[in-house]
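Here's the letter readout for the chains.
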Amino acid sequence: MQQETELQQQARIRHEVEENLVQLFAPEDEALRTTITATKEAGLPAIHINPLQGKLLQVLAAACNAQKILEIGSLAGYSGIWLARALPPTGRLITLEVSPAHAEVVQRSFEQAGVADRAEVRVGSAHESLPQLVDQAPFDLVFIDADKPSYPHYLDWAIRLSRPGSIIVADNCIRAGQALSESALDDQGAAGLYQYNLQTLKHPRLRAIALAMDEDYTDGFNIAVVLPEA
Ligand code: DHB
Ligand code: MG
C-alpha cells in the first residue's frame, strides 16, 4: 500500500509539472482547443500530439529556419496548426492525408486557426504524394505521424526531400519500449518503428535521438538532423 501511495504521489507531481510546463511554454488557444473538439466530433481518435510536442516542433522549425515544412499524416490538423504557426507569412506547410473525410476536418481546422494561407492539405496515399513533391524540395522540416509500418519508407523520402540541416521528426518512436528492440518484430507497426529508429542511427547522413515526452512518459519523438554530405 505504502508503495502504491508513493507511486500515486509521483504520478500526481509529474502531472502537475506537465500542466505547469504547458501553461508556461505551450498554452493552447481557442483554435487549438476547437481542433481537438472537432477531432472528437468527427469520430477521429484523440491521438494528436500534446502541446509541449507542438511547441517543440516550433522550436525545431526555428532551429532550421523553416520556410517549407512537410507533414505526413494530418489527423485533424492539430499538429499542422502548431507547424504552420512556426512559419513566416511566406512559408508553406504541405500536409499529406490519406482520408478525404479527415482532410475536410483538417481544412476547416486550418481556416479557423487562420493558417489556411500557408497550410495546404493534400489528399491521397503518401506513397503516391511523396514522389510528386520532388519539385518543391528541399523541405526544412519533415514531421512523420502516419501509418507505422510505412515509417521506414517515409524516412527514405524525408531524406530525399531534405537538405543538410533539415530536421526529420517522427511521432510514436518509443511505444512503451516496443519500438526499441527486436521483440517488436511480431507487430507490424512496432516493427516499422523499430526499423525507423535503427535507420536513423545507421544512416551516415543523420544524427538522431528518441525522447519520451508524452503524458505517461512511454512514447515520444525521434528527432533526426540531416548532416552535410561527407
Ligand atoms: C496511434 C497512432 C499515433 O500516431 C499516435 O500518436 C498514437 C496512437 C495508433 O495508431 O494507435
Ligand atoms: Mg502519433
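In what follows, the structure referred to is the one given above.
The model shown is predicted, which means the values in this text are computed figures rather than measured ones. (Residues numbered from 1 in each chain as written. Chains lettered and ligands numbered in written order. Predicted model: local features only at pLDDT ≥ 70, side-chain atom pairs only at ≥ 80, totals over all residues. Heavy atoms only, no water.)

Enquirer: It is not clear to me how the sheet that holds strand S4 (residues 141–144) should be interpreted in this structure. Could you clarify?
Expert: Backbone-to-backbone hydrogen bonds pair the strands of a sheet. The strands run either parallel or antiparallel. The strand order S3-S2-S1-S4-S5-S7-S6 describes an open sheet built from 7 strands, whose pairing is mixed. Lying at the two open borders of the sheet, with one neighbouring strand each, are strand S3 (119–123) and strand S6 (206–212). Between one strand and the next, the sheet's axes are offset by a mean angle of 15°, whatever the strand orientation. Of the strand pairs in this sheet, S6 and strand S7 (residues 220–226) are connected by 7 bridges, and their pairing is antiparallel. Bridged to Leu 211 within S7 is Phe 221. (Pairing = 2+ DSSP bridges. Helix = DSSP H or I, 4+ residues; strand = E, 2+ residues; numbered from the N terminus. Axes fitted to C-alpha atoms, helices over the stretch in contact; angles between N-to-C directions.)

Enquirer: Would you take a moment to explain the coordination of the magnesium ion (ligand 2) for this structure?
Expert: Six octahedral donors around a metal ideally make angles of 90 or 180 degrees; four tetrahedral donors ideally make 109.5 degrees. Every protein donor of the magnesium ion (ligand 2) is listed here as Asp 145 (OD), Asp 171 (OD) and Asn 172 (OD1), and their distances to the metal cover 2.0 to 2.2 Å. Between consecutive donors of the magnesium ion (ligand 2), the numbers of intervening residues give the motif D-x25-D-N. According to the relative accessible area criterion, Asp 171 is buried, its value standing at 5%. (Donors = N, O, S within 2.8 Å, 3.2 Å for Na, K, Ca; no water. Buried < 20%, exposed > 50% of the residue type's maximum accessible area, 1.4 Å probe, protein only.)

Enquirer: Help me understand the site of ligand 1, please; the structure alone is not making it clear to me.
Expert: As a matter of local geometry, ligand 1 sits amid Ile 47, Asp 145, Lys 148, Asp 171, Asn 172 and Arg 175. Between ligand 1 and Ile 47, the relevant distance is 3.3 Å, taken from an oxygen atom to a main-chain nitrogen or oxygen of the residue. Lys 148 has a polar side-chain atom sitting 2.9 Å from an oxygen atom of ligand 1. Protein contact buries 59% of the 290 Å² of open area that ligand 1 shows by itself. Class assignment for the residues of the shell around ligand 1 results in 1 nonpolar, 1 polar and 4 charged. (Near = heavy atom within 4 Å. Polar contact = N/O pair within 3.5 Å; in protein donor to acceptor, adjacent residues only side chain to side chain. Areas by Shrake-Rupley, 256 points an atom, 1.4 Å probe, with all protein chains shown as cover. Nonpolar A, V, L, I, M, F, W, Y, C, P; charged D, E, K, R; others polar.)

Enquirer: So what exactly am I meant to see when it comes to the nonpolar core here?
Expert: Generally speaking, a soluble globular protein has its nonpolar side chains buried in company with each other. Ranked by size, the top nonpolar core spans 32 residues in total, and within it Ile 69, Leu 93, Leu 141, Val 169 and Phe 221 carry the most contacts. Sorting the residues of this core by element identifies helix H2 (30–41), helix H3 (51–63), helix H4 (78–84), helix H5 (100–112), S3, S4, strand S5 (167–170) and S7 as the ones contributing at least two each. Sort the elements by how many residues they give to this core and H4 lands first, with 5 residues. Membership of the second largest hydrophobic core comes to 27 residues, among which are Ala 146, Tyr 154, Ile 159 and Val 226. (Core = buried A, V, L, I, M, F, W, Y, C linked by side-chain atoms within 4.5 Å.)

Enquirer: When you look at unusual backbone geometry in this model, what are you seeing that I'm missing?
Expert: A negative phi holds for most residues other than glycine; trans holds for most peptide bonds. Geometrically, the link from Ala 137 to Pro 138 is a cis peptide bond, its omega value of 5° lying close to zero. For Leu 75, which is not glycine, the phi dihedral falls at a positive 50°. Summarising the element assignment, Leu 75 is placed in the loop between strand S1 (68–72) and H4. For Leu 75, a relative accessible area of 19% gives the class buried. Non-glycine residue Asn 172 carries a positive phi angle of around 70°. Within the secondary structure, Asn 172 is located in the loop between S5 and helix H8 (188–202).

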